[in-house]
Amino acid sequence: MKQKDSVQRFGVAFENDLIGEFDKEIAAAGYGSRSEALRDLVRLWLAERRLRSGEGKAVASLAFIYHHERRDISRRLNQLGHQFYHEIVNSIHIHLDEHRCLEVLILRGRAQELQRLADRLSAIKGVEQGRVCLIGLPEKRQHKKRR
Ligand code: NI
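Heads up: these notes are all about the structure in this document. It should be emphasised that the depicted structure is a prediction, and the values quoted were computed from it without experimental measurement.

1. Remarks on the pattern of salt bridges
- Summed over the entire model, instances satisfying the criterion amount to eight salt bridges.
- The partner of Arg100 in a salt bridge is Asp97, and the shortest N-O contact between them spans 3.0 Å.

2. Focus on helix α4 (residues 111–122)
- Taking 1.5 Å as the rise per residue, α4 with 12 residues should run 16 Å; its terminal C-alpha atoms sit 17 Å apart, in good agreement.
- Restricting attention to buried positions, one finds in α4 the residues Ala111, Glu113, Leu114, Gln115, Leu117, Ala118 and Leu121.
- On its buried face, α4 is in contact with α2 (34–53), β1 (57–67), α3 (73–83), β2 (88–95), β3 (100–110) and β4 (127–136).

3. Side note on the packing of aromatic side chains
- The final tally for this structure, using the stated rule, is two aromatic pairs.
- Arranged with centres 6.2 Å apart and planes meeting at 15 degrees, the rings of Phe14 and Phe22 form a pair that is stacked.
- Looking at Phe14, the relative accessible area reads 30%, which means it is partly exposed.

4. Some points on the packing of α2 against α4
- In contact at an axis separation of 6 Å, α2 and α4 are set at 90 degrees when each is read in the N-to-C sense. Accordingly, the angle class assigned to the pair α2 and α4 is roughly perpendicular. Along its contact with α2, which presents Leu51, Arg52 and Ser53, the element α4 presents Ala111, Gln112 and Gln115.
- Class assignment for the residues of the contact of α2 with α4 results in two nonpolar, three polar and one charged.

Reading the values: the criteria
Residue numbers here run from 1 along each chain, matching the order of that chain's written sequence. Local features are withheld for residues below a pLDDT of 70 in this predicted model, meaning they are given only at 70 or higher, and side-chain atom pairs are given and counted only at 80 or more; totals for whole chains, interfaces and linings count all residues. Excluding hydrogens and water, the side-chain figures rest on all heavy atoms present in the structure. Salt-bridge detection follows one rule: a side-chain nitrogen of Lys or Arg within 4 Å of a carboxyl oxygen of Asp or Glu. Helix and strand assignments come from DSSP, with helices taken as H or I runs of at least 4 residues and strands as E runs of at least 2, each series counted from the N terminus. To estimate how far a helix should reach, multiply one less than its number of residues by 1.5 Å. Each residue is assigned to one of three classes by its accessible area relative to the maximum for its type, calculated with a 1.4 Å probe on protein chains only: buried under 20%, partly exposed between the two thresholds, exposed over 50%. In what follows, a contact means two residues having at least one pair of non-hydrogen atoms within 4.5 Å. Centres within 6.5 Å are what make two rings of Phe, Tyr or Trp a pair, Trp counting through its six-membered ring; a difference in plane orientation under 30 degrees is then read as stacked, over 60 as edge-to-face, and the rest as tilted. Note on definitions: angles span 0 to 180 degrees between N-to-C directions of axes, and those axes are lines fitted to C-alpha atoms, for helices only across the stretch in contact. When describing relative orientation, an angle under 35 degrees is termed roughly parallel and one over 145 degrees roughly antiparallel, while 65 to 115 degrees is termed roughly perpendicular and anything else oblique. When residues are sorted by character, Ala, Val, Leu, Ile, Met, Phe, Trp, Tyr, Cys and Pro go into the nonpolar class, Asp, Glu, Lys and Arg into the charged class, and all the rest, Gly among them, into the polar class.

Following this line, the structure appears as structure tokens:
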């Protein structure tokens, strides 16, 4: 950055337990100060908000656990899969035990659309513990410095 950004200071109130745990973790992560760690957290949060609501291209992994015996679940998952066939690049299915299955979907498409798929999936009865990991793909023009 060419010129130094101006900063604003503000007071933040934390419960003792929360700040205690936070201090412990930021020290373990190697942060020099609370401010530095908080700035990183805010940047991450903002970037994620921007990404999830955006039109930009993204890739994602979507992992979820479900009970395969739940009535109608296989049909509903299959239906959703066909509805989003454009976004679902690949999938892995693992039988976790007698009742539960783990499925991981690899997705590609508009961030907004991938989030919509994740939301729709989580809403299906019998699906639990869904986690989506979304990674934004930079626009091609951002690579122009590369030789
Ligand atoms: Ni299974």
